[in-house]
Amino acid sequence: MMKPHVRRAASLLVLALALGATCTFLGRWQWNRHVVRDAEIRLIDDNYSAAPVPLATLVATSDQLLPPDATWRQVTVTGRYEADATALLRNRPIDSMAGYHVLVPLVVVGGGEPGAVLVVDRGWIPTGKNGVDAPDVAAPPTGIVTVTVRLRPDEASSPRSAPAGQVQAISIPQVLAAGGSLPAAGSPGAYRVYGEMAAEDPTAGSPLGALPAPSTDPGSHLSYAFQWWTFALGSLIGFTAMARRELQDGSDDGPPVRPERRRRSPSAEDEEDALVDAQLG
């Protein structure tokens with residue numbers, strides 16, 4: 001049968017291993033998040049201010065996916081806005097301010113696949129008084145325009161409902177369906193990407209709020225990773241030391257030895273009592 005001090009030491013070692021493994025896993029998770037975020041920042045740094053190229057250079061046809069390394073690249077395209085098919089994107093604050101993104105389909109006539117539709121995020125407007133009724137949206141330029149946009153991949157469709165003419169995500173099928181006058185993506189002629197507007201020529205009479213540049217803040221993932229790994233090392237060292245102390249304290253077998261009592265020397269009163277007892281006897 002395992003002795004109590006050995007059992008306590010073994011329990012401490014098991015706890016040390018469990019905590020060490022958990023903290024190591026959490027540190028690895030934060031490290032992976034740091035690696036992903038670092039790659040995103042490098043992509044923004046490389047692409048956001050790069051010289052624009054024609055849309056067809058990066059996305060040759062409307063059914064082609066955006067290459068991962070082309071996100072945020074600037075492209076130019078010529079076309080005609082379909083103002084009647086405008087949709088508003090909800091719940092996407094701009095610099096901590098509530099507002100709507102204004103999404104307008106552009107029918108391409110040059111720089112890409114002629115006749116295809118590219119959704120353009122032209123900018124943002126403040127929310128209405130109650131946050132439900134859409135405010136008035138300034139009209140885009142009429143006629144043929146040349147637009148410079150930064151490409152973004154199509155977002156996943158949102159299961160949440162939205163008021164008429166509004167969407168919860170920049171999912172091309174949902175955006176075009178919310179506009180009501182164009183076929184949904186998946187049918188021929190709808191790009192599977194969208195563009196955040198950087199410039200347009202001619203410009204609109206009433207420009208919208210400009211979209212902010214994406215954040216390049218790396219966050220705290222790297223420091224969190226090292227903190228978790230420090231906790232892992234500390235738990236292994238601390239609980240192992242406690243287990244070692246348990247083994248040392250319980251290494252002596254048998255009951256503890258009690259110190260012997262010292263005999264007290266007889267006092268004068270004891271001697272006198274002994275003499276009296278002897279005489280009486």
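Structural notes, computed from the coordinates. These numbers were taken from a predicted model, which means no experiment stands behind them. (Residues numbered from 1 in each chain as written. Predicted model: local features only at pLDDT ≥ 70, side-chain atom pairs only at ≥ 80, totals over all residues. Heavy atoms only, no water.)

Within the largest apolar cluster, 27 residues are counted, with the highest numbers of intra-cluster contacts made by Leu 55, Tyr 81, Leu 118, Val 147, Leu 151 and Tyr 191. Of the residues forming this core, the biggest block, five residues, is contributed by strand S4 (residues 99-110). Of all hydrophobic cores here, the second largest spans 13 residues; its members include Ala 87, Leu 89, Leu 103 and Ile 172. (Core = buried A, V, L, I, M, F, W, Y, C linked by side-chain atoms within 4.5 Å. Buried < 20%, exposed > 50% of the residue type's maximum accessible area, 1.4 Å probe, protein only. Helix = DSSP H or I, 4+ residues; strand = E, 2+ residues; numbered from the N terminus.)

In the structure shown here, the tally under the stated rule is four aromatic pairs. Residues Trp 31 and Trp 229 carry aromatic rings whose centres are separated by 6.4 Å and whose planes lie at 40° to one another, so their mutual orientation is tilted. Taken together, the residues Trp 31 in helix H1 (residues 4-47) and Trp 229 in helix H4 (residues 221-249) connect sequence positions 198 residues apart. With 5.7 Å between their ring centres and 85° between their planes, Trp 228 and Phe 231 make a pair best called edge-to-face. With Trp 228 and Phe 231 both in helix H4 and three residues apart, this pair spans about one turn of that helix. Given the relative accessible area of 29%, Trp 228 is considered partly exposed. Here a set of aromatic residues connected by ring pairs shows up, and it is made of Trp 31, Phe 226 and Trp 229. One cation-aromatic arrangement involves Arg 122 over Tyr 81; the distance from NZ or CZ to the ring centre is 5.3 Å. The side chain of Arg 150 reaches across the aromatic face of Tyr 48, ending 3.7 Å from its centre. (Phe/Tyr/Trp six-rings, centres within 6.5 Å; stacked < 30°, edge-to-face > 60°. Lys NZ or Arg CZ within 6 Å of the ring centre and 35° of its normal.)

The subject of this paragraph is the pattern of salt bridges. One pass over the structure, following the stated rule, counts seven salt bridges. Two residues, Glu 40 and Arg 37, come together in a salt bridge whose shortest N-O distance is 3.1 Å. Residue Glu 40 and its partner Arg 37 are located together in helix H1, separated by three residues, close to a single helical turn. For Glu 40, a relative accessible area of 38% translates into the label partly exposed. A salt bridge links Arg 42 to Asp 38; its shortest N-O distance comes to 2.3 Å. (Salt bridge = Lys/Arg side-chain N within 4 Å of Asp/Glu carboxyl O.)

Size it by volume and the largest pocket reaches roughly 350 Å³. Of all the secondary structure elements, the ones that give two or more residues to the lining of the largest pocket are H1 and strand S8 (190-201). Looking at the lining of the largest pocket, the element that brings in the most residues is H1, giving four residues. Considering only residue class, the lining of the largest pocket consists of eleven nonpolar, three polar and eight charged. Put simply, the second largest pocket is a space of about 230 Å³. Lining of the second largest pocket is provided by 15 residues; of these, Arg 122, Met 197, Ala 198, Ala 210 and Leu 211 occupy positions nearest its centre. Top element by residues in the lining of the second largest pocket is S8. It accounts for four residues. When its residues are assigned to classes, the lining of the second largest pocket shows nine nonpolar, two polar and four charged. (1 Å grid on protein atoms, 1.4 Å probe; cavity = no way out; pocket = protein on both sides within 12 Å on 5 of 7 lines; lining within 4 Å. Points joined across faces, edges and corners; volume = space filled by probe spheres on them. Nonpolar A, V, L, I, M, F, W, Y, C, P; charged D, E, K, R; others polar.)

Turning our eyes to something else, we now look at the pairing of S8. The pairing of strand S5 (residues 117-126) with S8 spans four bridges and is parallel. By the bridge assignment for S8, Val 120 is matched with Gly 195. Pairing analysis gives eight bridges linking strand S6 (residues 144-153) to S8, with the strands arranged antiparallel. Bridge pairing links Val 147 to Glu 200 in S8. (Pairing = 2+ DSSP bridges.)

Attention shifts here to H4. The end-to-end C-alpha distance of H4, which contains 29 residues, comes to 42 Å, matching closely the 42 Å that a straight helix rising 1.5 Å per residue would cover. Taken as a whole, H4 has its buried residues at His 221, Ala 225, Ala 232, Ser 235 and Ala 243. Lining the buried residues of H4 we find H1. (Expected span 1.5 Å × (residues − 1). Contact = heavy atoms within 4.5 Å.)

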